[in-house]
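What the coordinates show
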Amino acid sequence: MGAGVPAPRSMATSAYRYMAQSFQQTLGEEGAALRHERLLTWRRENTVTRIEHPTRLDRARAVGYKAKGGFVIVRVRVRRGGQNKRAIIAGRRPKRKGIARMTLAKSLRRIAEERAQKHHPNLEVLNSYWVGEDGKQKFFEVILVDPSHPEILADPKIAWIAAPVHKGRVFRGLTSAGTEGRGLRWKGKGTERFRPSRARNRRDTRRTQTKVIP
């Protein structure tokens, strides 16, 4: 540095950065024992299990979680893979067997959010994040909010979720996983038919292409 120019101060690492690094260590070889023990316990639980504290506090806080009344954390187990089916022992073309190119239209995280919402119909899904997976299943933690809780209604940063327009938001693709699956994370060329939705644009295309023969 030049004379008279103070050296830049090193920024202190936050506690959440250490939490993120600690979780990343569980994904490597040194954390294999802990990861195996966690997955072994999670497999024995119900598909939707309520938990007291988030496994990844740094990620939970980043997507909207607060340690206050009205917030609920659940862990959801979802089967991995696509909709693969057994091959039909009969004369059909591969195209007509229904076993090829069976890609899910929704992400597994979005499916986990919907299952959590069905399990807790009086709550609303705020967000979710990945916590683990094995060869057959993936595990997500879903953050739900009680829209009628006094602490939620008194907090202006989260009280918006109590509005009637946000009821059942997870089933309308309004969560983070839903907007990503609907292609609303991107703008510009190639996304002309993503807004307001791809289904709406398909309907408009059919309407304009319909030829009426008198």
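Since the structure is predicted, the reported quantities are computational estimates derived from the model, not experimental observations.

Some points on the nonpolar core
- Of all hydrophobic cores here, the largest spans 17 residues; its most connected members are Phe 71, Leu 126, Ile 143, Val 145 and Ile 158.
- Residue assignment for this core shows that the elements contributing at least two residues are helix H2 (32-44), strand S2 (71-79), strand S3 (124-133) and strand S4 (137-145).
- For Ile 158, the residues in contact, after removing those within four places along its chain, are Phe 71, Leu 126, Val 145 and Ile 152.
- Listed in part, the 15 residues of the second largest apolar core include Val 72, Leu 108, Val 125 and Val 142.

Some thoughts on the environment of Gly 173
- Position of Gly 173 relative to the elements: it lies in the loop between helix H5 (150-154) and helix H6 (176-181).
- Judged by its relative accessible area of 0%, Gly 173 is buried.
- On a C-alpha basis, the gap between Gly 173 and Arg 110 in space is 8.4 Å, while along the polypeptide they are 63 residues apart.
- Aside from chain neighbours lying at most four places away, what touches Gly 173 is Arg 110, Gly 178, Thr 179 and Arg 182.

Focus on the layout of surface pockets
- In this model, the largest pocket occupies a volume close to 200 Å³.
- When residues of the lining of the largest pocket are assigned to their parent elements, the largest contribution, three residues, is made by helix H7 (residues 198-209).
- Among the residues making up the lining of the largest pocket, the classes are represented as five nonpolar, two polar and five charged.

Things to note about the packing of aromatic side chains
- Within the structure shown, the criterion is met by three aromatic pairs.
- Ring plane angle 80° and centroid distance 6.3 Å describe the contact between Phe 23 and Trp 130, whose orientation is recorded as edge-to-face. With a gap of 107 residues between them, Phe 23 in helix H1 (residues 15-26) and Trp 130 in strand S3 connect regions that are remote in the sequence.
- The class of Trp 130 is partly exposed, set by a relative accessible area of 26%.
- The interplanar angle of 80° and the centroid separation of 6.0 Å between the aromatic rings of Tyr 65 and Phe 71 together place this pair among those described as edge-to-face. For the pair Tyr 65 and Phe 71, one class covers both residues: buried.

Reading the values: the criteria
Residues numbered from 1 in each chain as written. Predicted model: local features only at pLDDT ≥ 70, side-chain atom pairs only at ≥ 80, totals over all residues. Heavy atoms only, no water. Core = buried A, V, L, I, M, F, W, Y, C linked by side-chain atoms within 4.5 Å. Buried < 20%, exposed > 50% of the residue type's maximum accessible area, 1.4 Å probe, protein only. Helix = DSSP H or I, 4+ residues; strand = E, 2+ residues; numbered from the N terminus. Contact = heavy atoms within 4.5 Å. 1 Å grid on protein atoms, 1.4 Å probe; cavity = no way out; pocket = protein on both sides within 12 Å on 5 of 7 lines; lining within 4 Å. Points joined across faces, edges and corners; volume = space filled by probe spheres on them. Nonpolar A, V, L, I, M, F, W, Y, C, P; charged D, E, K, R; others polar. Phe/Tyr/Trp six-rings, centres within 6.5 Å; stacked < 30°, edge-to-face > 60°.

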